[in-house]
Amino acid sequence: MSKTKPFSISRRLVSMAYQKVRSNKGAGGVDGVSLSEFHAGYRDHLYRLWNRMSSGSYVPPPVRLQEIPKKGGGLRPLGIPTVADRIAQTVVRGLLEPSLELIFHKDSYGYRPGKSAIKALSCVRERCWKQNWVVDLDIKGYFDNIPHELLMKAVRRHCQVRWMLLYIERWLKAPLQRRDGAVVERTKGVPQGSIIGPVLANLYLHYGMDKWLEREYPECRFERYADDAIIHCRSMSEAVKLKQALSDRLKACGLELHPDKTQIVYCKDSNRRQKGSQQMSFDFPGYTFKPRLAQNSRRGEWFTNWLPAVSGKSMRSMNEKMCKWQVLRKTTNTLEEVAAEINPVLTGWINYYSKFYKTKLVNFMHIVNVKLASWARRKYKNLRASEMKAIRWLHGVSVRQPKLFAHWTLLGSKPTIDNRSRVTGDCYARFYKNLGAAMPGFTN
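## Structural notes on the overall build of the chain
Inference 1: Along the chain, the regular secondary structure elements total 16 helices and 11 strands.
Inference 2: Each principal axis of the C-alpha atoms in the chain carries an extent, and together these give about 80 × 60 × 40 Å.
Inference 3: Nonlocal contacts in the chain, meaning residues at least 24 apart in sequence, comprise 68% of its contacts between residues at least 6 apart.
Inference 4: For the chain, the exposed area adds up to about 22700 Å²; of that, 49% sits on carbon and sulfur atoms.
Inference 5: Counting 76 positive and 37 negative side-chain charges, the chain places the averaged centre of each group 5 Å from the other.

This is the structure we're talking about:
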């Protein structure tokens with residue numbers, strides 16, 4: 001330890017943390033310093049940060065509050081730290097996370113290395129086939145209501161490094177700064193958008209729920225992704241008892257089950273036909289689980305299976321994003337430039353939402369062709385008279401350049417569709433005409 005510094009913090013760790021923050025990109029915080037501006041003088045910035053952290057004088061600035069739309073409506077508050085603060089948090093997370101990974105539950109999937117929402121969804125699907133009932137759990141305002149005192153008690157159990165504890169406490173208390181400049185003090189909660197927040201949030205629910213479920217209800221397996229969880233039960237009575245017991249447990253931890261979003265669901269299929277079940281679907285990261293038609297690959301028979309597919313909320317969210325694509329509002333760009341702009345987004349959607357019950361996403365992705373045809377009609381005078389003429393033109397492009405748009409590979413035959421799930425000739429015209437009535441806003 002340095003004679004002049006009370007804390008020994010490696011400069012190399014700070015430098016490595018900066019490289020990680022830089023690769024993740026992101027906006028600037030309340031100081032208005034962007035990543036590019038920070039990089040212009042990064043040596044001085046990193047030395048200043050290291051010096052303050054080592055001396056114990058580093059005080060996190062307020063977190064910039066940014067509200068983003070939620071898929072289910074309303075706004076989700078995100079806290080955007082400054083670039084320097086993100087680097088400091090990355091240093092602490094890099095030291096804290098490995099030890100916590102050793103104790104976290106195997107069925108906790110959110111914000112963890114080697115875990116993913118797709119793995120959680122796959123596990124949910126398999127367990128729903130084995131047990132008939134689930135408790136679809138949602139914690140009301142989880143990130144905003146975590147008690148600091150109890151959280152720090154959990155942190156101290158796994159971390160005895162003084163400077164790490166000091167800065168974690170300071171990050172928890174760092175105020176929020178609204179767009180109008182007003183500063184809001186914080187006495188509880190972990191800001192979403194912070195680097196250290198997800199690790200702390202997982203740690204709190206590890207003791208608040210995961211370990212408790214494992215101890216009190218060992219037969220009820222679960223999957224948790226951040227504050228969303230699915231708990232599998234053998235009967236409705238078991239699900240009712242578990243829901244009430246968990247509600248009491250979370251209240252003791254300063255949390256509350258969301259009264260509208262927490263529900264008991266019956267996993268109905270061809271072999272499970274119990275009557276009197278009102279709720280037979282639930283959402284879990286971007287997918288809706290419900291009874292769906294499936295075909296036996298050996299006998300060719302159709303039956304009802306309990307399966308996940310892209311949710312209605314996710315499709316509305318994707319369409320809202322498509323409606324905001326500025327590249328489709330301009331007629332001065334080329335089709336290749338349009339593809340270059342939207343393909344990364346389409347690829348991301350396809351990679352995530354095509355993992356289960358792909359047909360649902362395939363049907364939705366035809367909307368992209370509708371929007372491309374609308375763009376072509378505005379751009380080319382000879383296509384303005386007819387939707388069908390634009391569709392035929394787009395099909396011709398797909399024949400010559402089948403990989404131009406990411407979703408064309410998913411659709412198989414691009415803008416031309418067979419009788420069951422695709423549109424041809426007059427059918428496509430009717431599809432385009434009726435789309436607005438069936439799904440308001442989708443043709444905007």
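## Observations regarding the pattern of salt bridges
Inference 1: Inspection of every chain in the model, using the stated rule, returns 11 salt bridges.
Inference 2: With a closest N to O distance of 3.3 Å, Arg 215 and Glu 216 form a salt bridge.
Inference 3: The exposure class of Arg 215 is exposed, given its relative accessible area of 52%.
Inference 4: A relative accessible area of 43% means that Glu 216 is categorised as partly exposed.
Inference 5: Taking the shortest distance from any N to any O, the salt bridge between Arg 377 and Glu 387 comes out at 4.0 Å. One end of the pair, Arg 377, is in helix α13 (residues 358–379); the other, Glu 387, is in helix α14 (residues 387–400), and 10 residues separate them in sequence.
Inference 6: Judged by relative accessible area, Glu 387 falls into the partly exposed class, the value being 31%.

## Some thoughts on a nonpolar patch on the surface
Inference 1: Nonpolar side chains collect at one region of the surface, where Leu 13, Met 16 and Leu 95 lie side by side and expose about 230 Å² of accessible area between them.
Inference 2: Considering the arrangement of structural elements, one finds Met 16 in helix α1 (residues 11–24).

## Examining the side chain of Asp 269
Inference 1: Mapped onto the fold, Asp 269 is located in the loop between β8 (263–266) and β9 (282–284).
Inference 2: A distance of 2.9 Å separates a polar atom in the side chain of Asp 269 from the backbone nitrogen of Asn 271.
Inference 3: Within the local environment of Asp 269, its side chain forms a polar contact with the backbone nitrogen of Arg 272, the two atoms lying 2.8 Å apart.
Inference 4: Non-local contacts of Asp 269, meaning those with residues more than four positions away in its chain, are made with Thr 304, Asn 305 and Trp 306.

## Describing the state of the cysteines
Inference 1: Applying the stated criterion across every chain, the model contains 0 disulfides.
Inference 2: With no disulfide partner, Cys 128 has as its closest neighbouring cysteine sulfur the one in Cys 267, 3.9 Å distant.
Inference 3: A residue is classified by how much of its surface remains accessible, and Cys 128, at 0% relative accessible area, is buried.
Inference 4: Cys 233 supplies the cysteine sulfur nearest to Cys 220, a cysteine that is in no disulfide, at a spacing of 4.1 Å.
Inference 5: A residue is classified by how much of its surface remains accessible, and Cys 220, at 3% relative accessible area, is buried.

## Describing the packing of aromatic side chains
Inference 1: A complete count under the given rule lists 20 aromatic pairs for this structure.
Inference 2: Measuring from ring centre to ring centre gives 5.5 Å for Tyr 142 and Phe 143, while their planes differ by 70°; the resulting arrangement is edge-to-face.
Inference 3: Note on Phe 143: relative accessible area 8%, which makes it buried.
Inference 4: Put simply, the rings of Tyr 58, Trp 163, Tyr 167 and Trp 171 touch in pairs and so form one group of aromatic residues.
Inference 5: Lying across the ring of Trp 50, Arg 11 places its NZ or CZ 4.2 Å from the centre.
Inference 6: The ring of Tyr 109 carries Lys 115 above its face, with NZ or CZ at 4.9 Å from the centroid.

## Digging into the sheet that holds β8
Neighbouring strands of a sheet are bound in pairs by backbone hydrogen bonds; such pairs are parallel or else antiparallel.
Inference 1: The strand order β6-β7-β3-β8 describes an open sheet built from 4 strands, whose pairing is antiparallel. Strand pairing shows two members of the sheet lacking a second neighbour, β6 (222–225) and β8, which therefore form its edges. For this sheet, the mean inter-axis angle between neighbouring strands, taken without regard to orientation, is 20°.
Inference 2: Looking at chain direction, β6 and strand β7 (residues 228–233) are connected through 4 bridges and run antiparallel.

## Digging into the environment of Glu 238
Inference 1: Within the fold, Glu 238 resides in helix α10 (residues 236–252).
Inference 2: Between the C-alpha atoms of Glu 238 and Arg 12, which are 226 residues apart in sequence, the distance is 53 Å.
Inference 3: Those residues in contact with Glu 238, other than ones at most four positions away along the chain, are Cys 220 and Cys 233.

## Side note on the sheet that holds strand β4 (residues 176–177)
Inference 1: Strand order across the open sheet formed by 4 strands is β2-β1-β4-β5, with mixed pairing between neighbours. Unpaired on one side and paired on the other, β2 (75–80) and β5 (183–184) mark the two borders of the sheet.
Inference 2: Here β4 runs beside β5; their pairing, made up of 2 bridges, is antiparallel. Bridge pairing links Leu 176 to Val 184 in β5.

Conventions we followed
Residues numbered from 1 in each chain as written. Predicted model: local features only at pLDDT ≥ 70, side-chain atom pairs only at ≥ 80, totals over all residues. Heavy atoms only, no water. Helix = DSSP H or I, 4+ residues; strand = E, 2+ residues; numbered from the N terminus. Contact = heavy atoms within 4.5 Å. Areas by Shrake-Rupley, 256 points an atom, 1.4 Å probe, with all protein chains shown as cover. Lys, Arg positive; Asp, Glu negative; His and termini not counted. Charge placed at Lys NZ, Arg CZ, Asp CG, Glu CD. Salt bridge = Lys/Arg side-chain N within 4 Å of Asp/Glu carboxyl O. Buried < 20%, exposed > 50% of the residue type's maximum accessible area, 1.4 Å probe, protein only. Patch = residues over 30% accessible without salt bridge, like charges linked within 9 Å, V, L, I, M, F, W, Y side chains within 5 Å. Polar contact = N/O pair within 3.5 Å; in protein donor to acceptor, adjacent residues only side chain to side chain. Disulfide = S-S within 2.5 Å. Phe/Tyr/Trp six-rings, centres within 6.5 Å; stacked < 30°, edge-to-face > 60°. Lys NZ or Arg CZ within 6 Å of the ring centre and 35° of its normal. Pairing = 2+ DSSP bridges. Axes fitted to C-alpha atoms, helices over the stretch in contact; angles between N-to-C directions.

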